[in-house]
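# Geometric and topological summary
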Amino acid sequence: MCCLPYGLQSNSLDSARFPFLAKTLVNLDALSPRLHPLIKRQRRYIATSAENSTNPVEYCRDLVRKHDYEGFLISHFYPEAAKGGYFALKAFSSFGQVELSMIQEHVSNQTIGKMRMQFWRDAVKGIHEGKPPRHPIALALHQASQRVKLPAYHLKRIVDARDAELSTPTHMTTESLTAHAESTSSPLLYLLLSLLSLPSSTLSHAASHLGTAQTFTTLLRALPYHAKQGHVIIPAEITAKHGVRQEDVLRYGPGAEGISDAVFEFATLANDHLITARDMMKEEGMGGKVPASAVPIFLAGVIIQFVVCELATDASLKVPVANYLARLEKANFDAFAPSLQSRDWRLPWFIWKSYYKREF
């Protein structure tokens, strides 16, 4: 899916300044008529945002609010000086996911997705060289990089992983999926540590496990959506162990044989990574508490635990895990349960509580 550079109209592209993007727009229109509504939707979205605000950070803030409600809630706990960078990084991650899902849903030609990923590779290079393209997310990232060093390596790593996901949307093994998480969710957390100037091997190690738990949990929550698209996103080695057949999941959903057992095992893996991340806080004299300056970053664990706890009824589970993973257990590991598709009104309270207790 393609979108115009910030503030530009389709009939006024500066082809000298944006040669790749101008070429991309022409190719997209020629490649797939099915993509035309998608392009117009993105143009309309960016044009509307540009009219409402000339500030790239405000654009990113609006995008996060619309596409990442939980991330938006957590933003309130970041220092004021870092909020612009936070919204830029979250928008970069969210926008990539939104683009990827829309391309996979509406367009079968992978060339279109490859073009978009190349645009973002070029954008990351431009940001690093002080010449960002006129796209609001790129401009906001550039602004943030002027205040603190944001390693371009991690940004590029995220783009490369999204690119690979175009051709391999599912994974055969948990090892493969973990490697994917290490290239998407975890680098975003590393970038947030850099944003808050927190160079710590312990925190980075914890962020690595938290990112993996975050990826696993996100996939669990999206299982009904992906099933409708013809994908079973739980690693094949898990579904095969429990006798799950893809066609049964697509046809019967939660009634498919073995699917609940597969969801349970996958959720357990997510919870194990979450526990490992939490255990890292017992090192270096932290006493099991997240350092005060790093708490906003690790509030992502509240979301995961909230999801895992949807799957668990054990009252001994910590409150954060009790959100998705606890709700999931209460639903008897039925990832298709309607109750899991709605927002939990208690989440803002759990985030606030975890922030002040410095736990996740």
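Broken down by element type, the protein carries 19 helices and zero strands. Within the protein, buried positions represent 56% of all 360 residues.

As for its position among the elements, Ala256 is in the loop between helix 14 (246-252) and helix 15 (259-279). As for Ala256 and Arg245, which are separated by eleven residues in sequence, their C-alpha atoms are 7.6 Å apart. Sequence-distant contacts of Ala256, defined by excluding residues within four places in its chain, comprise Asp248 and Val249.

Further remarks concern the nonpolar core. One finds Leu89, Phe92, Ile137, Ile297, Phe298 and Phe360 to be the most contacted residues of the largest nonpolar core, which totals 66 residues. The element best represented in this core is helix 5 (residues 80-106), accounting for eight residues. Residue contacts for Phe298: discarding those within four places in its chain leaves Leu203, Ala206, Ala207, Leu210, Met281, Val290 and Phe360. Counting residues in each nonpolar core, the second largest holds 26 residues, with Ile233, Val244, Phe333 and Leu340 among its members.

Here we take up the side chain of Ser185. If you trace the backbone, Ser185 turns up in helix 10 (residues 185-195). Classification of Ser185 by relative accessible area gives buried; the value is 14%.

The next thing to look at is the pattern of salt bridges. By the definition in use, this model includes 17 salt bridges. One salt bridge in this structure joins Lys282 and Asp279, with 3.5 Å as the shortest N-O distance. Taken together, the shared-partner salt bridges in this structure form one network comprising Lys114, Arg121, Lys156, Asp160 and Asp163.

Here we take up unusual backbone geometry. Its identity is not glycine, yet Ser197 carries a phi of approximately 55°, on the positive side. Tracing the sequence through the fold places Ser197 in the loop between helix 10 and helix 11 (201-221). For Arg358, which is not glycine, the phi torsion reads 60° and is therefore positive. Note on placement: Arg358 falls in the segment after helix 19 (347-357). Under the relative-accessibility criterion, Arg358 is labelled partly exposed at 32%.

Put simply, helix 8 (residues 152-167) and helix 10 touch, their axes get as near as 9 Å, and they point 160° apart. With respect to helix 10, the element helix 8 is oriented roughly antiparallel. The hand of the helix 8/helix 10 crossing is left-handed. Residues His154, Leu155, Arg157 and Ile158 of helix 8 form the contact with helix 10, whose participating residues are Pro187, Leu188, Tyr190 and Leu191. Of the residues assigned to the contact of helix 8 with helix 10, the class counts are six nonpolar, one polar and one charged.

A few words now on the environment of Lys289. Take Lys289: it is sitting in the loop between helix 15 and helix 16 (295-298). For Lys289, a relative accessible area of 30% gives the class partly exposed. Excluding residues that lie within four positions of it along the chain, Lys289 makes contacts with Met281, Lys357, Arg358 and Glu359. Separated by 3.1 Å, the side chain of Lys289 and the backbone oxygen of Lys357 make a polar contact.

So, about the side chain of Thr217. Relative to the helices and strands, Thr217 resides in helix 11. Here Ala213 takes part through its backbone oxygen, which lies 2.8 Å from a polar atom of the side chain of Thr217.

Bringing empty space enclosed by the protein into the picture now. A full pass over the atoms with the stated rule returns two cavities of 30 Å³ or more. Roughly 100 Å³ of volume is contained in the largest cavity. Lining the largest cavity are Phe92, Ser93, Phe95, Gly96, Met117, Trp120, Ile158, Val159 and Arg162. Put simply, the parts of the chain that give the lining of the largest cavity at least two residues each are helix 5, helix 6 (110-128) and helix 8. Per-element tally for the lining of the largest cavity: the top contributor is helix 5, with four residues. Classifying every residue of the lining of the largest cavity gives six nonpolar, two polar and one charged.

Conventions we followed
- Residues numbered from 1 in each chain as written.
- Predicted model: local features only at pLDDT ≥ 70, side-chain atom pairs only at ≥ 80, totals over all residues.
- Heavy atoms only, no water.
- Helix = DSSP H or I, 4+ residues; strand = E, 2+ residues; numbered from the N terminus.
- Buried < 20%, exposed > 50% of the residue type's maximum accessible area, 1.4 Å probe, protein only.
- Contact = heavy atoms within 4.5 Å.
- Core = buried A, V, L, I, M, F, W, Y, C linked by side-chain atoms within 4.5 Å.
- Salt bridge = Lys/Arg side-chain N within 4 Å of Asp/Glu carboxyl O.
- Axes fitted to C-alpha atoms, helices over the stretch in contact; angles between N-to-C directions.
- Parallel < 35°, antiparallel > 145°, perpendicular 65-115°, else oblique.
- Left-handed = near helix turned anticlockwise from the far one by under 90°.
- Nonpolar A, V, L, I, M, F, W, Y, C, P; charged D, E, K, R; others polar.
- Polar contact = N/O pair within 3.5 Å; in protein donor to acceptor, adjacent residues only side chain to side chain.
- 1 Å grid on protein atoms, 1.4 Å probe; cavity = no way out; pocket = protein on both sides within 12 Å on 5 of 7 lines; lining within 4 Å.
- Points joined across faces, edges and corners; volume = space filled by probe spheres on them.

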